[in-house]
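Summary of structural features
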Amino acid sequence: MRYIIVGLLVIVMIQVFFTESVAEQQDESDYIVIPDEAIRLRILADSNEEEAQKVKDQVRDEVNEQITEWVEELTSIEVARETIIENLPKIEEIVADVTGDDDFTVEFGDIQFPDKVYDRFVYPGGEYEAILITLGSGEGDNWWCVLFPPLCFVEFADGTTVLEHDDEEEVELAEEQEAEVSFFLWDWLKKLLGIS
């Protein structure tokens, strides 16, 4: 009887492992890869106060809607770049309409981005071609997306900044949890089979 139970247990464990592997592969295929040749939009809020974040969101909505109209049918990054550069004054007008008398800057070029995590995926930091809109002091939470090719509909914009020590702690915690699960299963199996 014990051999039947052990056999069933092994089959269940193989099934669980296989199911998790398939789920991970499916998740990986859903991962949005940002192309090497991309133009981003980054908006830095004045602060994290509620009103400043609302202004950031309104700027985001207005600017993103306009730029998406300009680039959604384009297939060349060179043409997208030219279109954005030609329309920087229009972007400044949009931001000015939203912010009123508040200070802001609009830049286009190589902009520094921090590492970001969204869901289980890391978007590496570095310098990327982008429009940077800084509202006031620019010390609040930021929002970003990929303007070209148009990926701003993807909700990775509010990912969190990666801190190196956080990554190490997460890996250690995951390893500990995995070890605890394995240890528990081994103990249970030994009890079932009467092994000491």
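The following refers to the structure shown. (Residues numbered from 1 in each chain as written. Predicted model: local features only at pLDDT ≥ 70, side-chain atom pairs only at ≥ 80, totals over all residues. Heavy atoms only, no water.)

What follows is about the overall build of the protein. Each helix and strand counted, the protein has 5 helices and 7 strands in total. When each of the 196 residues of the protein is scored for burial, the buried share is 34%. Of all intrachain contacts in the protein linking residues separated by at least 6 positions in sequence, the fraction that spans at least 24 positions is 72%. (Helix = DSSP H or I, 4+ residues; strand = E, 2+ residues; numbered from the N terminus. Buried < 20%, exposed > 50% of the residue type's maximum accessible area, 1.4 Å probe, protein only. Contact = heavy atoms within 4.5 Å.)

Looking now at the nonpolar core. Core analysis: the biggest nonpolar cluster contains 26 residues, and Leu-41, Val-59, Val-63, Ile-91, Ile-131 and Ile-133 have the highest contact counts within it. In this view, Ile-131 contacts Arg-40, Leu-41, Arg-42, Ile-67, Ile-84, Ile-91, Val-106, Glu-107, Phe-108 and Leu-147; residues no more than four positions away in its chain are not counted. Counting 11 residues, the second-largest nonpolar core is a separate cluster that includes Leu-44, Ile-111, Phe-113 and Val-146. (Core = buried A, V, L, I, M, F, W, Y, C linked by side-chain atoms within 4.5 Å.)

Moving on to the environment of Thr-105. Among the structural elements, Thr-105 can be located in strand E2 (residues 104-113). For the pair Thr-105 and Leu-135, spaced 30 residues apart in the sequence, the C-alpha separation amounts to 6.8 Å. Thr-105 has contacts with Leu-132, Ile-133 and Thr-134, leaving out every residue within four places of it along the chain.

Relative to the elements of secondary structure, Thr-83 occurs in helix H3 (residues 77-86). Residue Thr-83 is classed as buried on the basis of its relative accessible area, which comes to 16%. If we skip the residues at most four places from it in the chain, Thr-83 touches Trp-70 and Leu-74.

Function-wise, these values are silent; they only describe arrangement.
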